[in-house]
Amino acid sequence: MKSPNQNTRPIVIALGGNALLQRGQPPEAEIQKANIHIAALAIAKVARHYPVVVTHGNGPQVGLLALQGEREKSCKPYPLDVLGAETEGMIGYLLEQELRNQLPGRDVVTLLTQIVVDRQDPAFLQPTKPIGPVYTLEQAQQLAQERGWAIAADGQGYRRVVASPEPQRIIELPTIQLLVNSGALVVCAGGGGIPVMINEVGGLQGVEAVIDKDLAAALLGEKLQAQGLLLLTDVDGVYENWGTDYAHRFEQTTSKNLRRYRFAEGSMGPKVEAACRFVETTGQWCGIGKLDQALDIIDRKTGTVVMP
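Report on the accompanying structure. (Residues numbered from 1 in each chain as written. Predicted model: local features only at pLDDT ≥ 70, side-chain atom pairs only at ≥ 80, totals over all residues. Heavy atoms only, no water.)

Helix and strand counts for the protein chain come out as 9 helices and 17 strands. Expected size for 308 residues packed as a compact globule is a radius of gyration near 19 Å; at 19 Å, the protein chain falls within 12% of this value. If you line up the protein chain on its principal axes, its C-alpha atoms span 55 × 50 × 40 Å. When the 308 residues of the protein chain are sorted by exposure, 51% land in the buried category. If you sum the accessible surface of the protein chain, you get close to 14,600 Å²; carbon and sulfur atoms cover 49% of it. Side-chain charges of the protein chain comprise 29 positive and 33 negative groups, with the mean position of each set lying 4 Å from the other. (Helix = DSSP H or I, 4+ residues; strand = E, 2+ residues; numbered from the N terminus. Rg over C-alpha atoms; globule rule 2.2 N^0.38 Å. Buried < 20%, exposed > 50% of the residue type's maximum accessible area, 1.4 Å probe, protein only. Areas by Shrake-Rupley, 256 points an atom, 1.4 Å probe, with all protein chains shown as cover. Lys, Arg positive; Asp, Glu negative; His and termini not counted. Charge placed at Lys NZ, Arg CZ, Asp CG, Glu CD.)

Take the sheet that holds strand S4 (residues 114–116) next. One open sheet accounts for 4 strands, arranged S8-S4-S10-S11; its pairing is mixed. Of all the strands in the sheet, the pair left with one neighbour each is strand S8 (169–170) and strand S11 (204–206). Helix H3 (residues 80–102) rests against strand S10 (194–198) and S11 of the sheet, and its axis sits at about 135° to S10. (Pairing = 2+ DSSP bridges. Contact = heavy atoms within 4.5 Å. Axes fitted to C-alpha atoms, helices over the stretch in contact; angles between N-to-C directions.)

Of all 6 residues that make up strand S12 (residues 228–233), 6 are buried, and the element is covered over most of its length. Of the pairings in the sheet, the one linking S12 to strand S16 (residues 285–290) comprises 6 bridges and is parallel in character. Bridging across to S16, glycine 228 finds its partner in tryptophan 285.

Moving on to the pattern of salt bridges. Taken as a whole, this structure holds 13 salt bridges when the rule is applied. Across the pair arginine 259 and glutamate 280 runs a salt bridge, and its minimum N-O distance is 2.9 Å. Of the two residues, arginine 259 is situated in the loop between helix H7 (255–258) and helix H8 (268–282) and glutamate 280 in helix H8; the sequence distance between them amounts to 21 residues. Among the residues examined, arginine 259 registers a relative accessible area of 40% and is labelled partly exposed. Each of Glu166, Arg259, Glu273, Arg277 and Glu280 takes part in a single network of salt bridges with overlapping partners. (Salt bridge = Lys/Arg side-chain N within 4 Å of Asp/Glu carboxyl O.)

Spatial strand order, S5-S7-S6: 3 strands in an open sheet with antiparallel pairing. The outermost strands of the open sheet, each flanked by one partner alone, are strand S5 (129–135) and strand S6 (150–154). Averaged over all adjacent pairs, the angle separating strand axes in this sheet is 40°, with direction ignored. Sheet topology places S6 next to strand S7 (residues 157–162); 5 bridges connect them, and they run antiparallel. Counterpart to aspartate 154 in the pairing with S7 is glycine 157. Contacting S5, S6 and S7, helix H4 (residues 137–147) crosses the sheet at an angle of about 125° to S5.

Here we take up the packing of aromatic side chains. With the rule as written, the count across this model stands at 4 aromatic pairs. When the centroid spacing of 6.4 Å and the interplanar angle of 45° are considered together, the rings of tyrosine 261 and phenylalanine 263 count as tilted. You can call phenylalanine 263 buried: its relative accessible area is 15%. Counting every residue linked through ring pairs, the aromatic cluster contains Phe250, Tyr261 and Phe263. When the ring centre of tryptophan 285 is taken as origin, the NZ or CZ atom of arginine 300, which lies over that ring, is 5.1 Å away. (Phe/Tyr/Trp six-rings, centres within 6.5 Å; stacked < 30°, edge-to-face > 60°. Lys NZ or Arg CZ within 6 Å of the ring centre and 35° of its normal.)

Right, let's get into helix H6 (residues 213–223). By the criterion of burial, H6 is predominantly enclosed, with 9 of the 11 residues buried. All of the buried residues along H6 are Lys213, Asp214, Leu215, Ala216, Ala217, Ala218, Leu219, Leu220 and Gly221. For H6, the N-terminal capping position is held by aspartate 212, with its side-chain oxygen 3.1 Å away from the main-chain nitrogen of aspartate 214. In the segment just after H6, glutamine 225 is the residue with positive phi, at about 55°. (Polar contact = N/O pair within 3.5 Å; in protein donor to acceptor, adjacent residues only side chain to side chain.)

Here's what the structure looks like:
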């Protein structure tokens, strides 16, 4: 069964970390499967009406693999680009299986995706991307001392942070486009994609970093000429004065308006920046809101919709 509206451009759906693990949940396979079942229900509702490309976060998963690697003394820990590839395969498998169950007969494919970053990106000097579990301050300070990690506040706790360079170019873009044109539902660029650089002889090599998933989704949507971008998370939109008695949700707004405000780094900040970039470069809309309200966001019934 091919995708509906075969001649229309896709909607790119970016799943937040809560689609796989809710805050405080242990990163066990069965828990992630249960969460992905819920995510697949939401994606399937959209995919019955529109061509869809799905991307996802991988922060807890890549952090867990890094921790496991640190404990294994028989070999050196794997670098972050290799761990990114591992998580793309693992999460892609779980998503692909559940989406096939929800959309019988539909072609669903996961594609490992390399994304080029600039070796001179200043992000390599200032790590900001949180990965792995949440620690108390005491635990975080001990791990920073023992392992040389950079640590930053994340909500009520603390997490390891790594370099998060800007995504520049998607290596597998022609293949993704080919799959979309064939009617397949594509899962790609997971975790922001596998970060790679162009070396001195023009070849590709992995780099120790994690690309922001939302910025990668915006780039993916732009290059696929997507008709819209959905950034799905565990809150129902973008709020002014979040966490106060004066909190107010933006329902329909513009990138110009959103750029007047500051939003929390590591949570809503990157989503707003990704939304603004996508809208400004494509002239299309971007929706931000709760996972289980995906179709309602497209229909402008809820969430925050950023317009040109």
